[in-house]
Amino acid sequence: MAIFLAILASVLVIFLSFYLYSWTYWLRRGIPGPLGFPIFGNLLNHFHHEEPLGLKLQEFTKKYGKVFGITEGLRQTLVISDVEMINEVFVKQFDNFYGRKLSPLHGDPENDERVSIFISQGHRWKRLRNLSSPTFSSASLRKLLGTVEDSVFQILDVLEKKGGDQIDMLEIYQEFTLDVIGRIAMGQEGSKIFENPLFSPVRQIFGKGNRWLFTILSVLPKPLALMIRKRVMQPSEASKNPAVIISLVIQKAVSERIRQRKEQGAPGEPEDFIDLFLDAQSEIDIKSEKNEEFLKANIGKIDRKLSMDEIIAQCFVFIVAGFDTTALSLAFSTWLLTRNPEKMRKAQEEIDEICTDANISFDQIAKLKYLDNVAKEALRLYPLAGLAVSRKCMKSTEVCGIRIEKDTNIQVDTWSVHYDKQIWGEDSNEFRPERWNDQQMKNGANYLPFGFGPRQCIGMRLAMMEEKLILAHILRKFDFEIGSKTQIPLKLVGRATTQPETLVLKLRKRDY
Ligand code: HEM
């Protein structure tokens, strides 16, 4: 018995020492930061849907400065808002930081079969990026415009029918962006606004979610965490996990398309992302890759064509990444225009002058400079996906005089960069679309709503096209107004993204 107790005590001591060693990593390195709790570190901050982590980091920056350390279970993260350092990590030393900060819930980027562009790293990422990029070129976006505009017309119909009622515009925008991505990514035929079966699971992905699972997996050693994750993500019709439900829908759509192609042959022109991915052949030549680190992770698994699992993973990420972000960006632009009616008038004058036909063309969208400034300024004040602006150190290196060890995560505190008075001036808290007339604002790592460097958001231009098109159509017909149910001030919530809790507004028909 005594021997058993002694063994138990030794195991406990080893276990605790291991966690304490990991927890005090930044303290030992002499880098400031909030310690949080033993074992968990700052993980418990991820718990509060009511207190978005992006805003929490901004508070920490005020206290600890532009470079500080946090621990999240067994992971160490350096949080930065120093522009020179961001430039160094995201661009100049990209070869040392080509991975993304991931949680065990994302899976294993090197060994999982079902890996998306968002999660992948090294050569595997380069190949997926190379295959997906043409989908978002100007030529492809021009072709997609008609489909996007058809979804806009469905939304306008709904708004017309609601008359002067107060409307939750966030929900309207979520219906719209899901409709668009369902049609262009998944071959969804026609619009499914307000009857889309994917709406609820996709919304849950960015909702309160399974925080306990996230926390437990984050404190477990990686192999154990990945094993548990595999079980939880097991495809099963009975699963209530939103990610599993969405993946099964995609899997069925891809299998059906493969069957159709076997019977009828491939279409001359790809009809959606599934066709595009089924046709795609990577043109990347592995032999020409110079960065050995970049190559070594998964060279054995790289094929020029995408596997079924990879196609499912790409469609999944485009749906999830393209849905909420764009809807939120629209919600924030709408909110800021509602609060600043004189700016709304200015946007409307421009729209009335340029968009004179029933349909709005790709070239007309490009001419809406003030509306473009509005969208940019809204994303500056509300960098809703700021937490995605992260990297993982793949090879120990030094950045701006700080030694960064392999496997350390880098998280940009985007909110602090976007409100920095040294960058944006004394009025950095104000909504001033006019500031974007100044060319200097557009340069460098001082503006990061879509991230920065080679891994910058691939869907950025699609998102901006969707946003300007629907706003132009709505603002042609309606004024946004505050109603009795409008929440003032806007309450921000969320975990992976920062969202308004609701955005209930009155839409008044414009009198010309
Ligand atoms: C306003 C809307 C959007 C915002 C604010 C946004 C924001 C972001 C951010 C911050 C990143 C990380 C970039 C980095 O690490 O440097 C990202 C990556 C990504 N986004 Fe978006 N996004 C938006 C819309 C979209 C859309 C419409 C799609 C696709 C349909 C999309 C697909 C992706 C993908 C696939 C990545 C990973 C890129 C890679 O790792 O190479 N996003 N996005």
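Each remark here, short or long, concerns the structure printed above.
In this text, all values refer to a predicted model and were calculated from it rather than measured experimentally.

Cut-offs applied
- Residues numbered from 1 in each chain as written.
- Predicted model: local features only at pLDDT ≥ 70, side-chain atom pairs only at ≥ 80, totals over all residues.
- Heavy atoms only, no water.
- Near = heavy atom within 4 Å.
- Helix = DSSP H or I, 4+ residues; strand = E, 2+ residues; numbered from the N terminus.
- Nonpolar A, V, L, I, M, F, W, Y, C, P; charged D, E, K, R; others polar.
- Donors = N, O, S within 2.8 Å, 3.2 Å for Na, K, Ca; no water.
- Buried < 20%, exposed > 50% of the residue type's maximum accessible area, 1.4 Å probe, protein only.
- Pairing = 2+ DSSP bridges.
- Axes fitted to C-alpha atoms, helices over the stretch in contact; angles between N-to-C directions.
- Phe/Tyr/Trp six-rings, centres within 6.5 Å; stacked < 30°, edge-to-face > 60°.
- Lys NZ or Arg CZ within 6 Å of the ring centre and 35° of its normal.

Taken together, 28 residues lie around the ligand, and R100, W125, R129, R391 and C457 are the ones closest in. Top element by residues in the shell around the ligand is helix α14 (residues 308-339). It accounts for 6 residues. Its residues assigned to classes, the shell around the ligand comprises 17 nonpolar, 7 polar and 4 charged.

Here we come to the coordination of the iron atom of the ligand. Donation to the iron atom of the ligand from the protein comes from one atom only, C457 (SG), at 2.3 Å. Within the secondary structure, C457 sits in the loop between α19 (421-424) and α20 (460-477).

Moving on: the pairing of strand β1 (residues 67-72). The buried fraction of β1 amounts to 5 of the 6 residues, a majority that puts the element mostly inside the structure. In this sheet, strand β2 (residues 75-80) lies alongside β1 in antiparallel orientation, the contact comprising 6 bridges. Across the sheet, residue V67 finds its bridge partner in β2, namely I80. Hairpin remark: β1 followed by β2, antiparallel, with 2 residues in the connecting loop; positive phi at G73, about 65 degrees.

Strands sit in the order β1-β2-β7-β4 across an open sheet of 4 strands; the sheet is mixed. Whereas interior strands pair on both sides, the edge strands pair on one side only; in this sheet they are β1 and β4 (390-392). Across the sheet, the axes of successive neighbouring strands diverge by a mean angle of 25 degrees, strand direction being ignored. Judged from the 3 bridges that link them, β4 and strand β7 (residues 409-412) form a sheet pairing that is antiparallel. Looking at the pairing, K392 lines up with N409 of β7.

Enumeration over the complete set of coordinates arrives at 18 aromatic pairs. With 6.0 Å between their ring centres and 10 degrees between their planes, F277 and F318 make a pair best called stacked. With F277 in helix α12 (residues 273-279) and F318 in helix α14, the pair connects residues that are 41 residues apart, well separated along the chain. Taking the relative accessible area as the measure of exposure, F277 reaches 1% and is therefore buried. The class for F318 is buried, based on a relative accessible area of 7%. An aromatic cluster is built from F136, F273, F277 and F318, whose rings are joined through pairwise contacts. The side chain of R28 reaches across the aromatic face of Y21, ending 3.5 Å from its centre.

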